Amino acid sequence: MPSAAYEAFISRVKEISTARAIESVLEWDQETYMPPRGAEPRAAQLALIAGVAHQRLTDEALGRALAAVEREADPDPVVATNVREMRRLYDRAVKLPTELVQEIARTVALAKTAWVRARKENRFADFAPHLERVLELKRTVAEKIGYTTEPYDALMDEFEPGARAADVQRTFDELKRQLVPLVRAIRDAPRQPNPQLLTRPAPVAAQAAFGRRVAADMGFDFEAGRLDVSVHPFCSGTSPLDVRLTTRYDENYLPASLFGIMHETGHGLYEQGLDPAHAGTPMGTSVSLGIHESQSRLWENLVGRSRSFWAHYFPLLQAEFPAFADVSLEDWTFAINTVRPSYIRVEADEVTYNLHILLRFDLERQLVDGRLRVQEVPEAWNESFQGLLGLTPRTDTEGCLQDIHWSMGILGYFPTYALGNLYAAQFFRAARRALPDLEQRIARGELRPLREWLRENIHRHGQRYRAHELVQRVTGEALSPTPFFEYLRDKYQPLYGF
């Protein structure tokens, strides 16, 4: 039976979560249904609610309540997790003045609107002043939070607790060392796919219906969630009972929406798989953005681009989209696994995708520590892109303006995408060991056994384990690029014949 002190503490914690949920809904609306002229009042609304949440989090009364339950030293893992993680959040938050938090909320609300316009009109210069201000504020955050090695660590810690840029760099260096020769081998392989067959007419209404069907088969509960359209696909969860997904449609490129939906549904399943009994507390919150990304990438790539998945779904797709009636399962599977350097991160293949992240990781670190100036971003982006992917973006829109993240002020987020790919490969390997007939089930369209395994081993634990502990517990080994590379090798060698 929880103590009275703990109950009072949790009541305060849930108030903070409620304020954050309101903030999340306002942000979701801004990206989906808010009219363009609503940007100014929405900025004021977001600044106000961010200030309220921050005031609740930094309230001395919460500090006293936290200290009281710490003195009780309750060994219950639920209590211990909530106390440990709230101590971390509280200690971080009290270093940030409410005025700074409100100013960040106001600034990014305006920056997002400016980014949408700049991206549409292909003018980085229109977004640059907003990025300058965002960087100024985030550097202030890093200085106030504190760091040992570099300011980027303080920002990255918000999304991947305990991660350090230098450690991530070593992991990424090893990943790059293994990826570069694989990309070269695929490029020079004797067999090559025909990605043009993917660009056939696919009515948007039919895409939406098919994507919704796949999401439901994966186990997404549409009574506790919804699917809408936005410029940049995302998942927004306020509780396991209210999870919002978005995608975007191209009537001449079905994979963009379908794999976008599978990706965001992976995020959504994590949110819906959190224990509702602990909603609004760390035990009912995802452990890290890297782990979150592992769920989306696992469903999008390890399941969604597998031959097993399409053994069941390709006949259904052909029935809905007659333009694909003459395409074979083998040609379709090969085409959706085309490895070819491309400009847009969210549409990149799973082999070259991490190179997009390595670029952003490097540029972000330089922007945060001041080695790279905002006005130099387009040139630096294009130069790095050429070096890593052998392409030079033709416009800012397909280059440095393609991602929403900087306009949202979430610097330190990009590395979690690559970490998520590594986690996903290790988790899927463990799932196949635990479910020996997993591939056969997927080939029959039975996707929920995998969802249940993920829910049991990852989702329901909330923040009980830190990311590195969770990976060790689930897979029996520490995070490593090797399972990811082995997965790529075992998949692409037979496809490309090298």
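Residues numbered from 1 in each chain as written. Predicted model: local features only at pLDDT ≥ 70, side-chain atom pairs only at ≥ 80, totals over all residues. Heavy atoms only, no water.

Draft legend 1. Molecular detail of the nonpolar core. In this structure, I291, W310 and W332 are the most contacted members of the largest nonpolar core, which totals 136 residues. No other element matches helix α16 (residues 415-434), which puts 11 residues into this core. With sequence-adjacent residues up to four places away left out, W332 is seen in contact with L197, L198, L254, W310, F314, L317, F324 and V327. Core analysis: the next-biggest nonpolar cluster, separate from the first, contains 15 residues, Y6, F9, L62 and A93 among them. (Core = buried A, V, L, I, M, F, W, Y, C linked by side-chain atoms within 4.5 Å. Buried < 20%, exposed > 50% of the residue type's maximum accessible area, 1.4 Å probe, protein only. Helix = DSSP H or I, 4+ residues; strand = E, 2+ residues; numbered from the N terminus. Contact = heavy atoms within 4.5 Å.)

Draft legend 2. Quick look at helix α3 (residues 60-72). A rise of 1.5 Å per residue sets the reference length of α3, with its 13 residues, at 18 Å; its end C-alpha atoms lie 19 Å apart and thus fit the reference within 8%. The complete set of buried residues in α3 reads A61, L62, G63, A65, L66 and V69. Buried-residue contacts for α3 involve α1 (4-32), α2 (39-58) and α4 (77-93). Where α3 begins, one side-chain oxygen reaches toward the backbone nitrogen of A61, 2.9 Å away; that side chain belongs to D59. Looking one or two residues beyond α3, the residue adopting positive phi is A73, at roughly 50 degrees. (Expected span 1.5 Å × (residues − 1). Polar contact = N/O pair within 3.5 Å; in protein donor to acceptor, adjacent residues only side chain to side chain.)

Draft legend 3. Examining the environment of P393 more closely. By secondary structure assignment, the location of P393 is in the loop between α15 (377-389) and α16. For P393, the contacting residues outside a window of four places in its chain are Y343, W381, N382, F385, E398 and G399.

Draft legend 4. Expanded view of the pattern of salt bridges. In the structure shown here, the tally under the stated rule is 41 salt bridges. Residue R371 is joined to D369 by a salt bridge in which the shortest nitrogen-to-oxygen separation is 2.8 Å. With a relative accessible area of 53%, R371 lands in the exposed category. Taken together, the salt bridges that share partners define one network made up of R88, R92, D157, E158 and R164. (Salt bridge = Lys/Arg side-chain N within 4 Å of Asp/Glu carboxyl O.)

Draft legend 5. Looking closely at the packing of helix α8 (residues 165-187) against helix α14 (residues 353-369). Running from amino to carboxyl end, α8 crosses α14 at an angle of 145 degrees, the nearest separation of the two axes being 11 Å. Handedness of the α8/α14 crossing: left-handed. Residues A165, V168, Q169, F172, L175, K176 and L179 of α8 form the contact with α14, whose participating residues are N354, I357, L358, F361 and R365. Here the contact of α8 with α14 is composed, by residue class, of 8 nonpolar, 2 polar and 2 charged. (Axes fitted to C-alpha atoms, helices over the stretch in contact; angles between N-to-C directions. Left-handed = near helix turned anticlockwise from the far one by under 90°. Nonpolar A, V, L, I, M, F, W, Y, C, P; charged D, E, K, R; others polar.)

Draft legend 6. Broad picture of the sheet that holds strand β3 (residues 242-247). A sheet is described by the order of its strands in space; here 3 strands give the open sequence β1-β3-β2, paired in mixed fashion. A single partner strand is all that each edge strand has here, and the edge strands are β1 (225-229) and β2 (235-239). Strand-to-strand twist in this sheet, taken as the mean axis angle between neighbours without regard to direction, amounts to 15 degrees. Taken together, the 5 bridges between β1 and β3 define a ladder with parallel strand orientation. Within β3, the residue paired with L227 across the bridge is L245. Where α1 meets the sheet, it contacts β1, β2 and β3, and its direction lies at approximately 150 degrees from that of β2. Along the sheet, helix α10 (residues 254-273) makes contact with β1, β2 and β3, crossing β3 at roughly 165 degrees. (Pairing = 2+ DSSP bridges.)

Draft legend 7. Quick peek at the environment of E15. Along the polypeptide, E15 turns up in helix α1. With a relative accessible area of 39%, E15 lands in the partly exposed category. Spatially, the C-alpha atoms of E15 and L258 are 37 Å apart, while their sequence positions differ by 243 residues.

Draft legend 8. Here's a closer look at the layout of surface pockets. The volume enclosed by the second largest pocket comes to roughly 520 Å³. No other element matches helix α20 (residues 482-496), which puts 7 residues into the lining of the second largest pocket. Residue composition of the lining of the second largest pocket, grouped by class: 8 nonpolar, 4 polar and 9 charged. (1 Å grid on protein atoms, 1.4 Å probe; cavity = no way out; pocket = protein on both sides within 12 Å on 5 of 7 lines; lining within 4 Å. Points joined across faces, edges and corners; volume = space filled by probe spheres on them.)

Draft legend 9. A look at helix α6 (residues 124-145). Here α6 is 22 residues long and its end C-alpha atoms lie 30 Å apart, about the 32 Å a rise of 1.5 Å per residue gives. Taken as a whole, α6 carries its principal kink of about 25 degrees at H130. The complete set of buried residues in α6 reads F124, F127, A128, L131, V134, L135, L137, K138, V141, A142 and I145. Looking at the buried residues of α6, the elements they touch are α4, α5 (98-121), α7 (151-156), α14 and α15. Of the residues trailing α6, G146 is marked for its positive phi of about 95 degrees. (Bend = angle between axes of the 7 residues up to and from the residue.)

Draft legend 10. The arrangement of the side chain of R92 in detail. With respect to the element layout, R92 can be found in helix α4. Judged by its relative accessible area of 13%, R92 is buried. Aside from chain neighbours lying at most four places away, what touches R92 is I145, A154, L155, D157 and E158.

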